[in-house]
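Structure at a glance
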Amino acid sequence: MNYLVISGNPKRAGLCFSLMEEVLRGAREGGASVEVLTVEKLERCHVCGDGWGSCRERHSCAFGADGFDAAQEAVRAADQFCFITPVYWWEMAEGLKSFFDRLRRCEFGEHGALSGKQVLLVASPGGTGNGMLNCLEQMDRFCRHTGAVIFDYIGANRWNHDYKRRAVYAAARAMAEGRRAGETV
Ligand SMILES: Cc1cc2nc3c(=O)[nH]c(=O)nc-3n(C[C@H](O)[C@H](O)[C@H](O)COP(=O)(O)O)c2cc1C
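The structure presented is a predicted model; accordingly, all values stated were derived computationally and were not measured.

Rules used in this analysis
Residues numbered from 1 in each chain as written. Predicted model: local features only at pLDDT ≥ 70, side-chain atom pairs only at ≥ 80, totals over all residues. Heavy atoms only, no water. Helix = DSSP H or I, 4+ residues; strand = E, 2+ residues; numbered from the N terminus. Rg over C-alpha atoms; globule rule 2.2 N^0.38 Å. Buried < 20%, exposed > 50% of the residue type's maximum accessible area, 1.4 Å probe, protein only. Areas by Shrake-Rupley, 256 points an atom, 1.4 Å probe, with all protein chains shown as cover. Lys, Arg positive; Asp, Glu negative; His and termini not counted. Charge placed at Lys NZ, Arg CZ, Asp CG, Glu CD. Near = heavy atom within 4 Å. Polar contact = N/O pair within 3.5 Å; in protein donor to acceptor, adjacent residues only side chain to side chain. Pairing = 2+ DSSP bridges. Right-handed = clockwise from strand over helix to strand, strands pointing away. Core = buried A, V, L, I, M, F, W, Y, C linked by side-chain atoms within 4.5 Å. Contact = heavy atoms within 4.5 Å. Expected span 1.5 Å × (residues − 1). Axes fitted to C-alpha atoms, helices over the stretch in contact; angles between N-to-C directions. Parallel < 35°, antiparallel > 145°, perpendicular 65-115°, else oblique. Left-handed = near helix turned anticlockwise from the far one by under 90°. Nonpolar A, V, L, I, M, F, W, Y, C, P; charged D, E, K, R; others polar. Salt bridge = Lys/Arg side-chain N within 4 Å of Asp/Glu carboxyl O.

Tallying secondary structure elements over the protein gives 6 helices and 6 strands in all. In sequence order, the secondary structure elements of the protein are arranged as β-α-β-α-α-β-β-α-β-α-β-α. Radius of gyration (C-alpha) of the protein: 16 Å, near the 16 Å computed for a compact globule of 185 residues. C-alpha extents for the protein along the principal axes are approximately 45 × 35 × 25 Å. Within the protein, buried positions represent 51% of all 185 residues. Taken as a whole, the protein presents about 9100 Å² of accessible surface, with 51% of it coming from carbon and sulfur. Looking at the protein, you have 23 positive and 23 negative side-chain charges, and the mean spots of the two groups are 3 Å apart.

Around the ligand lies a shell of 16 residues, among which Lys-11, Val-87, Ser-124, Gly-126 and Gly-129 are the nearest. Within the backbone of Ser-124, a nitrogen or oxygen atom sits 2.2 Å from an oxygen atom of the ligand. Starting from 610 Å² of accessible surface for the ligand in isolation, the protein chains cover 73%. Secondary-structure elements contributing two or more residues to the shell around the ligand are α1 (15-29) and β3 (80-88). Here the element with the most residues in the shell around the ligand is β3; it accounts for 3 residues.

To continue, consider the pairing of strand β6 (residues 149-155). Bridge count for strand β5 (residues 118-124) against β6 is 6 bridges, and the pairing is parallel. The residue of β6 that forms the bridge with Ala-123 is Gly-155. Following the chain from β5 across helix α5 (residues 132-146) to the adjacent parallel β6, one finds a crossover that is right-handed.

The next subject is the nonpolar core. In terms of nonpolar packing, the biggest core is built from 33 residues, with Ile-6, Val-75, Phe-81, Phe-83, Phe-99 and Met-139 touching the most fellow members. Secondary structure elements with two or more residues in this core: β1 (2-7), α3 (68-77), β3, α4 (94-106), β5 and α5. With 6 residues, the top contributor of residues to this core is α5. With near-sequence residues (within four places) excluded, Phe-83 lies in contact with Ile-6, Phe-100, Leu-114, Val-119, Leu-120, Leu-121, Val-122, Met-139, Phe-142 and Cys-143. Core analysis: the second largest hydrophobic core is formed by 24 residues, Cys-16, Leu-24, Ile-154 and Ala-174 among them.

As a further point, take α5. If you check α5, its first and last C-alpha atoms are 22 Å apart, about what 15 residues at 1.5 Å a residue would give, namely 21 Å. Listing the buried residues of α5 in full gives Met-132, Cys-135, Leu-136, Gln-138, Met-139, Asp-140, Phe-142, Cys-143 and Thr-146. On its buried face, α5 sits against β3, β4 (91-92), α4, β5 and β6. Residue Gly-147 follows α5 closely and has a positive phi angle near 80°.

What follows covers the packing of α4 against α5. Closest axis-to-axis distance for the α4/α5 pair is 10 Å, and the angle between their directions is 15°. Considering their axes alone, α4 and α5 lie roughly parallel with respect to each other. Read as a crossing pair, α4 and α5 show a hand that is left-handed. Residues Leu-96, Lys-97, Phe-100, Leu-103 and Arg-104 of α4 form the contact with α5, whose participating residues are Gln-138, Met-139, Phe-142, His-145 and Thr-146. Residue composition of the contact of α4 with α5, by class: 5 nonpolar, 3 polar and 2 charged.

Going through the model one piece at a time under the given rule, you end up with 11 salt bridges. The salt bridge partner of Glu-29 is Arg-25, with a shortest N-O separation of 3.6 Å. Of this pair, Glu-29 and Arg-25 both sit in helix α1, separated by 4 residues, roughly a single helical turn. On the basis of relative accessible area, Glu-29 is assigned to the partly exposed category, the value being 41%. A salt bridge links Arg-104 to Asp-101, with the shortest nitrogen-to-oxygen separation between them at 3.3 Å. Of this pair, Arg-104 and Asp-101 are both found in helix α4, 3 residues apart, which corresponds to roughly one turn of the helix. What makes Asp-101 partly exposed here is its relative accessible area of 23%. Salt bridges sharing partners connect three or more residues here, namely Glu-22, Arg-25, Glu-29, Arg-173 and Glu-177.

The analysis is restricted to geometry; functional conclusions fall outside its scope.
Pasting the structure below:
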(Lines give C-alpha, C1' and ligand atoms only; values in the text may rest on other atoms or scores of the structure.)
Protein backbone atom coordinates (compact mmCIF):
# COMPACT_ATOMS: atom_id res chain seq x y z
CA MET A 1 0.00 0.00 0.00
CA ASN A 2 1.48 3.37 -1.03
CA TYR A 3 0.39 6.13 1.34
CA LEU A 4 1.04 9.65 0.04
CA VAL A 5 0.88 12.68 2.31
CA ILE A 6 0.27 15.86 0.32
CA SER A 7 1.29 18.81 2.44
CA GLY A 8 0.63 22.51 1.97
CA ASN A 9 2.77 23.41 4.96
CA PRO A 10 5.72 25.73 4.21
CA LYS A 11 7.21 25.09 7.68
CA ARG A 12 9.42 22.24 8.88
CA ALA A 13 8.45 22.57 12.56
CA GLY A 14 5.38 23.53 14.56
CA LEU A 15 1.82 22.32 14.99
CA CYS A 16 1.03 21.25 11.43
CA PHE A 17 4.40 19.57 10.98
CA SER A 18 4.03 17.59 14.19
CA LEU A 19 0.61 16.37 13.07
CA MET A 20 2.12 15.24 9.78
CA GLU A 21 4.76 13.28 11.65
CA GLU A 22 1.99 11.42 13.48
CA VAL A 23 0.23 10.66 10.19
CA LEU A 24 3.47 9.26 8.78
CA ARG A 25 4.09 7.17 11.88
CA GLY A 26 0.54 5.80 11.83
CA ALA A 27 0.63 4.87 8.15
CA ARG A 28 4.07 3.32 8.48
CA GLU A 29 3.13 1.29 11.56
CA GLY A 30 -0.01 0.19 9.73
CA GLY A 31 2.21 -1.39 7.10
CA ALA A 32 2.16 1.18 4.31
CA SER A 33 5.07 2.54 2.38
CA VAL A 34 4.94 6.28 2.98
CA GLU A 35 5.95 9.38 1.03
CA VAL A 36 5.48 13.11 1.44
CA LEU A 37 4.72 15.44 -1.44
CA THR A 38 5.30 19.13 -0.73
CA VAL A 39 3.71 21.38 -3.30
CA GLU A 40 4.01 24.92 -2.04
CA LYS A 41 6.67 25.87 -4.60
CA LEU A 42 4.67 24.90 -7.71
CA GLU A 43 3.21 27.58 -9.99
CA ARG A 44 -0.48 28.30 -10.10
CA CYS A 45 -2.78 27.26 -12.98
CA HIS A 46 -2.25 29.42 -16.09
CA VAL A 47 -5.97 29.07 -16.97
CA CYS A 48 -5.01 28.59 -20.62
CA GLY A 49 -7.31 27.81 -23.57
CA ASP A 50 -9.93 30.41 -22.73
CA GLY A 51 -10.42 28.80 -19.35
CA TRP A 52 -10.81 25.18 -20.40
CA GLY A 53 -7.16 24.38 -21.10
CA SER A 54 -5.85 21.29 -22.86
CA CYS A 55 -5.76 19.45 -19.50
CA ARG A 56 -9.40 18.41 -19.85
CA GLU A 57 -8.61 16.20 -22.86
CA ARG A 58 -4.96 15.40 -22.22
CA HIS A 59 -5.22 14.83 -18.46
CA SER A 60 -1.91 16.57 -18.02
CA CYS A 61 -0.85 20.18 -17.61
CA ALA A 62 0.66 22.08 -20.57
CA PHE A 63 3.01 23.77 -18.07
CA GLY A 64 3.79 20.65 -16.03
CA ALA A 65 7.58 20.88 -16.36
CA ASP A 66 7.71 23.08 -13.25
CA GLY A 67 7.41 19.92 -11.13
CA PHE A 68 3.68 19.40 -11.56
CA ASP A 69 4.16 16.38 -13.86
CA ALA A 70 6.27 14.60 -11.25
CA ALA A 71 3.74 15.45 -8.53
CA GLN A 72 0.88 14.14 -10.68
CA GLU A 73 2.85 10.92 -11.25
CA ALA A 74 3.25 10.50 -7.47
CA VAL A 75 -0.52 10.93 -7.06
CA ARG A 76 -1.18 8.33 -9.74
CA ALA A 77 1.16 5.85 -8.03
CA ALA A 78 -0.43 6.25 -4.60
CA ASP A 79 -3.19 4.07 -3.15
CA GLN A 80 -4.18 6.27 -0.21
CA PHE A 81 -3.67 9.86 0.85
CA CYS A 82 -3.57 12.36 3.63
CA PHE A 83 -4.07 16.00 2.66
CA ILE A 84 -2.68 18.17 5.43
CA THR A 85 -2.47 21.94 5.65
CA PRO A 86 -2.21 24.81 8.08
CA VAL A 87 -5.29 27.03 7.93
CA TYR A 88 -4.41 30.39 6.37
CA TRP A 89 -7.16 33.00 6.03
CA TRP A 90 -9.78 30.32 6.87
CA GLU A 91 -8.60 28.30 3.87
CA MET A 92 -5.99 25.72 2.88
CA ALA A 93 -2.49 27.11 2.35
CA GLU A 94 -2.02 28.85 -0.98
CA GLY A 95 0.47 26.32 -2.37
CA LEU A 96 -1.87 23.39 -1.78
CA LYS A 97 -4.80 25.27 -3.29
CA SER A 98 -2.73 26.04 -6.41
CA PHE A 99 -1.74 22.40 -6.76
CA PHE A 100 -5.29 21.18 -6.30
CA ASP A 101 -6.55 23.74 -8.85
CA ARG A 102 -4.30 22.14 -11.45
CA LEU A 103 -4.70 18.54 -10.33
CA ARG A 104 -8.50 18.75 -10.30
CA ARG A 105 -8.53 19.80 -13.95
CA CYS A 106 -6.29 16.86 -14.93
CA GLU A 107 -7.86 14.22 -12.70
CA PHE A 108 -11.52 15.25 -12.66
CA GLY A 109 -14.21 12.61 -12.28
CA GLU A 110 -14.55 8.87 -12.08
CA HIS A 111 -11.65 8.04 -14.44
CA GLY A 112 -9.16 10.24 -12.60
CA ALA A 113 -6.22 9.09 -10.50
CA LEU A 114 -7.93 9.81 -7.18
CA SER A 115 -11.24 8.18 -7.96
CA GLY A 116 -12.18 5.59 -5.33
CA LYS A 117 -9.01 6.17 -3.31
CA GLN A 118 -9.27 7.02 0.38
CA VAL A 119 -8.17 10.35 1.80
CA LEU A 120 -7.65 11.61 5.35
CA LEU A 121 -8.21 15.38 5.58
CA VAL A 122 -6.26 17.28 8.26
CA ALA A 123 -6.46 21.04 8.87
CA SER A 124 -4.56 22.90 11.57
CA PRO A 125 -5.87 26.37 12.42
CA GLY A 126 -3.07 27.27 14.80
CA GLY A 127 -4.09 30.87 15.51
CA THR A 128 -7.64 31.79 16.56
CA GLY A 129 -8.87 28.36 15.57
CA ASN A 130 -11.20 29.97 13.03
CA GLY A 131 -11.59 28.55 9.55
CA MET A 132 -11.23 24.87 10.42
CA LEU A 133 -14.54 23.85 8.90
CA ASN A 134 -14.14 26.10 5.89
CA CYS A 135 -10.72 24.61 5.16
CA LEU A 136 -11.91 21.03 5.58
CA GLU A 137 -14.89 21.84 3.36
CA GLN A 138 -12.57 23.22 0.67
CA MET A 139 -10.61 19.97 0.66
CA ASP A 140 -13.88 18.02 0.75
CA ARG A 141 -14.96 19.78 -2.46
CA PHE A 142 -11.72 18.79 -4.18
CA CYS A 143 -12.42 15.17 -3.19
CA ARG A 144 -15.97 15.36 -4.56
CA HIS A 145 -14.67 16.69 -7.88
CA THR A 146 -12.02 13.98 -8.20
CA GLY A 147 -14.03 11.06 -6.80
CA ALA A 148 -11.73 10.57 -3.81
CA VAL A 149 -13.33 8.86 -0.81
CA ILE A 150 -13.05 10.81 2.44
CA PHE A 151 -11.95 8.54 5.28
CA ASP A 152 -12.06 11.21 8.00
CA TYR A 153 -11.92 14.93 8.72
CA ILE A 154 -9.63 16.07 11.53
CA GLY A 155 -9.09 19.63 12.67
CA ALA A 156 -6.42 20.36 15.27
CA ASN A 157 -5.91 23.69 17.00
CA ARG A 158 -3.70 25.01 19.80
CA TRP A 159 -5.87 23.69 22.61
CA ASN A 160 -6.77 20.23 21.31
CA HIS A 161 -3.70 19.03 19.46
CA ASP A 162 -2.65 16.69 22.28
CA TYR A 163 -5.58 14.39 21.64
CA LYS A 164 -5.99 15.23 17.93
CA ARG A 165 -2.41 14.09 17.42
CA ARG A 166 -3.47 10.69 18.69
CA ALA A 167 -6.48 10.82 16.35
CA VAL A 168 -4.44 11.49 13.20
CA TYR A 169 -2.07 8.66 14.11
CA ALA A 170 -4.99 6.28 14.64
CA ALA A 171 -6.75 7.32 11.44
CA ALA A 172 -3.67 6.91 9.24
CA ARG A 173 -2.91 3.56 10.84
CA ALA A 174 -6.46 2.27 10.40
CA MET A 175 -6.36 3.25 6.71
CA ALA A 176 -3.01 1.58 6.15
CA GLU A 177 -4.27 -1.56 7.86
CA GLY A 178 -7.09 -1.72 5.34
CA ARG A 179 -10.11 -0.17 7.01
CA ARG A 180 -12.60 1.25 4.49
CA ALA A 181 -14.88 4.24 4.94
CA GLY A 182 -18.39 2.90 5.48
CA GLU A 183 -17.34 -0.15 7.48
CA THR A 184 -18.76 -0.52 10.97
CA VAL A 185 -16.16 -0.99 13.69
C1 LIG B 1 -1.11 34.09 6.54
C2 LIG B 1 -1.64 33.31 7.72
C3 LIG B 1 -3.00 33.21 7.93
C4 LIG B 1 -3.51 32.50 9.01
N5 LIG B 1 -4.86 32.36 9.15
C6 LIG B 1 -5.34 31.63 10.18
C7 LIG B 1 -6.74 31.40 10.32
O8 LIG B 1 -7.56 31.81 9.52
N9 LIG B 1 -7.16 30.69 11.41
C10 LIG B 1 -6.28 30.19 12.34
O11 LIG B 1 -6.69 29.60 13.32
N12 LIG B 1 -4.95 30.37 12.21
C13 LIG B 1 -4.46 31.05 11.14
N14 LIG B 1 -3.10 31.19 10.99
C15 LIG B 1 -2.21 30.43 11.89
C16 LIG B 1 -1.86 29.09 11.23
O17 LIG B 1 -3.01 28.31 11.08
C18 LIG B 1 -0.81 28.32 12.03
O19 LIG B 1 0.42 28.90 11.81
C20 LIG B 1 -0.85 26.88 11.56
O21 LIG B 1 -2.06 26.33 11.83
C22 LIG B 1 -0.21 25.80 12.22
O23 LIG B 1 0.68 26.18 13.16
P24 LIG B 1 2.17 25.98 12.82
O25 LIG B 1 2.53 27.19 12.03
O26 LIG B 1 2.84 25.87 14.16
O27 LIG B 1 2.27 24.74 12.01
C28 LIG B 1 -2.61 31.88 9.91
C29 LIG B 1 -1.23 31.98 9.70
C30 LIG B 1 -0.75 32.67 8.62
C31 LIG B 1 0.76 32.71 8.39
